[in-house]
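Examining the three-dimensional arrangement
Take a look at the letters that make up each chain.
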Amino acid sequence: MADVAAFLRKEPELYVVYDENVASLAREVLEALPVKGSFGLKTSEQRKTLETVQGLCRQLLEAGASRNACLLAIGGGITTDMTGFAAAIYKRGIRYSNLPTTLLAQVDAAIGGKTGVNLDGYKNMLGTFRMPEYTFLCADVLKTLPPRELRAGLAELLKTFLIGDAEAYEQAVRFFADPRSDISGLITRAAQIKADIVAQDPEEHGIRAKLNLGHTFGHAIEHEAQKKGDDIHHGEAVAMGMILAARLSERMGLAPEGMEEKLRADFQALGLPAECPYPPETLTAAMALDKKAAEGRVKWILLEAPGRVIIKEMTVKEAMDDLR
């Protein structure tokens, strides 16, 4: 935490937004910094809404936060997403930084400047691009993560390496099968890959779409789970989505035979779910409303090989016809 304090101590008007699940860590930061105010959030996908962000903005207004204010988000991806969104719209924009406390946030959600909230159960339908001043990556805060939360972040870590580093993908599979070394190097590598892609395409007009590998299927799985009251974590849905993306890639002749089976074996060995519990046809409506869809066509991220993906635009019907 010393690095965090050293970087932020110069902020004259700092406000902390934290997930109440990491209140003890937030207290450490609050004791080390001259903070103007702090706000705890109860986080869940159901609470990741515009109303929650409006409530946060209202608290900032009541606390007297000015255009010079800086927010520090302490928590997982839900916290960093909502804090970034609040920073983007409060008084037409203030600064923020992230201290992500989950693996998923450290390798994905807290990097790249995407902010957002859900709308009527559809994932991140409202949001902005707003780059954080800084994202602090601290592997030590992951030591108390429940195993399921760690595995959920692992799905995003593997996704990043499937997009841009085949060797790192195999290293990550080996590490999590027998985790006795330091994970910091893998986190740094994943963050670097994502940051490099974002730097080339900050607002996702092209290459940045590759970071959505597994997410078109995954977000639809999350939507279906929420409708049915099933407990499926975002990272788990992304893992299932990557398996479906690999299957679609094989059926279209883009990936070599056996790609789906390889990913399935790797994921299952690491405790990640590999089988979508819903028939693919039940996901079509949600995929058609995917926020990345345009004129009825969706940008599907498909695998050619570990470390190499392509973007292919198709309608949901065309994709489903190939998937069958």
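Attention in this report is confined to the structure presented alongside it. Fair warning: this is a prediction, and the values are worked out from it, not measured in the lab. (Residues numbered from 1 in each chain as written. Predicted model: local features only at pLDDT ≥ 70, side-chain atom pairs only at ≥ 80, totals over all residues. Heavy atoms only, no water.)

Let's talk about the side chain of Thr-102
The condition that has to hold: The helix and strand labels rest on DSSP assignments: H or I over at least four residues marks a helix, E over at least two residues marks a strand, and numbering proceeds from the N terminus. Working definition: with a 1.4 Å probe on protein chains only, accessible area under 20% of the residue-type maximum means buried, over 50% means exposed, and in between means partly exposed. Polar contact is the term for a pair of N or O atoms within 3.5 Å; when the atoms are in protein, one must be able to donate a hydrogen and the other to accept it, and sequence-neighboring residues count only if both atoms are side-chain atoms. Contacts between residues were defined by any pair of non-hydrogen atoms, one from each residue, lying within 4.5 Å.
For Thr-102, the position within the fold is in the loop between strand S4 (95–100) and helix H5 (103–109). For Thr-102, a relative accessible area of 12% corresponds to the buried category. A distance of 3.1 Å separates a polar atom in the side chain of Thr-102 from the backbone nitrogen of Ala-105. In this structure Thr-102 touches Gly-76, Gly-77, Leu-142, Leu-145 and Glu-149, once residues within four positions along its chain are discounted.

Some words on the packing of aromatic side chains
Our working definition: Note on aromatic pairs: the rings of Phe, Tyr and Trp (six-membered ring only in Trp) are paired at centre separations within 6.5 Å, and the planes decide the class, stacked below 30 degrees, edge-to-face beyond 60, tilted for the rest.
Across all of its chains, the model carries six aromatic pairs by this definition. Measuring from ring centre to ring centre gives 4.9 Å for Phe-175 and Phe-176, while their planes differ by 80°; the resulting arrangement is edge-to-face. Residue Phe-175 shares its accessibility class with Phe-176, and that shared class is buried. Measuring from ring centre to ring centre gives 5.3 Å for Phe-217 and Trp-300, while their planes differ by 50°; the resulting arrangement is tilted. Here Phe-217, found in helix H9 (residues 215–228), pairs with Trp-300, found in strand S7 (residues 298–305); they are 83 residues apart in sequence, far enough to count as distant.

Describing H9
Here is the rule we go by: A helix is expected to span 1.5 Å multiplied by its residue count minus one.
Taking 1.5 Å per residue, 14 residues should reach 20 Å; H9 reaches 19 Å between its end C-alpha atoms and fits that length. On its buried face, H9 is in contact with strand S6 (122–129), helix H6 (147–164), helix H10 (234–251), helix H12 (284–288), S7 and helix H13 (316–323). Phi turns positive, to about 75°, at Gly-229, one or two residues after H9.

What to know about the sheet that holds strand S2 (residues 35–41)
Inclusion rule: At least two bridges found by DSSP between two strands is the condition for calling them paired. Axis lines are fitted through C-alpha atoms, for helices just across the contact stretch, and the angle between N-to-C directions can take any value from 0 to 180 degrees.
A sheet is described by the order of its strands in space; here four strands give the open sequence S2-S1-S3-S4, paired in parallel fashion. Both outer strands of the open sheet, S2 and S4, are each paired with one neighbouring strand and no more. Adjacent strand axes in the sheet meet at a mean angle of 20° when their direction is disregarded. Those strands touched by helix H3 (residues 50–63) are strand S1 (14–19), S2 and strand S3 (70–75), and its axis lies near 155° from that of S2.

Some points on the packing of H3 against helix H4 (residues 77–89)
Definition in use: Convention used here: angles under 35 degrees read as roughly parallel, angles over 145 as roughly antiparallel, angles from 65 to 115 as roughly perpendicular, and any remaining angle as oblique. Less than a right angle of anticlockwise turn of the near helix away from the far helix marks a crossing as left-handed, whereas a clockwise turn marks it as right-handed.
Remark: H3 packs on H4, axes separated minimally by 9 Å, with the N-to-C direction vectors making an angle of 60°. Put simply, H3 runs oblique to H4. For the element pair H3 and H4, the recorded crossing hand is right-handed. Contacts between H3 and H4 involve Leu-50, Thr-52, Val-53, Leu-56 and Cys-57 from the first element and Met-82, Thr-83, Phe-85, Ala-86 and Ile-89 from the second.

Details of the packing of helix H7 (residues 166–177) against helix H11 (residues 259–269)
Two elements in contact, H7 and H11, have axes separated by 10 Å at closest approach and are oriented at 35°. Two secondary-structure elements touch here, H7 through Tyr-169, Glu-170 and Val-173 and H11 through Lys-262, Leu-263, Asp-266 and Phe-267.

What about the environment of Glu-28?
Along the chain, Glu-28 turns up in helix H2 (residues 23–32). Take Glu-28: its relative accessible area is 47%, and that puts it in the partly exposed class. Along the backbone, Glu-28 and Leu-254 are 226 residues apart, and their C-alpha atoms lie at a distance of 50 Å.

A look at the pattern of salt bridges
Heads up, the condition is: Take a side-chain nitrogen of Lys or Arg and a carboxyl oxygen of Asp or Glu: if they are within 4 Å of each other, that pair is a salt bridge.
Taken as a whole and judged by the stated rule, the model has 24 salt bridges. In this structure, Asp-81 and Lys-48 form a salt bridge, with 2.7 Å as the shortest nitrogen-oxygen distance. Highlighted residues: Asp-81 in helix H4 and Lys-48 in the loop between S2 and H3, separated in sequence by 33 residues. A salt bridge links Glu-260 to Arg-264; the nearest nitrogen and oxygen atoms lie 2.6 Å apart. With Glu-260 and Arg-264 both in helix H11 and four residues apart, the pair spans about one turn of that helix. Accessibility classification places Glu-260 together with Arg-264 in one group, the buried group. Salt bridges linked by common partners bring Asp-108, Glu-156, Lys-159 and Lys-194 together as one network.

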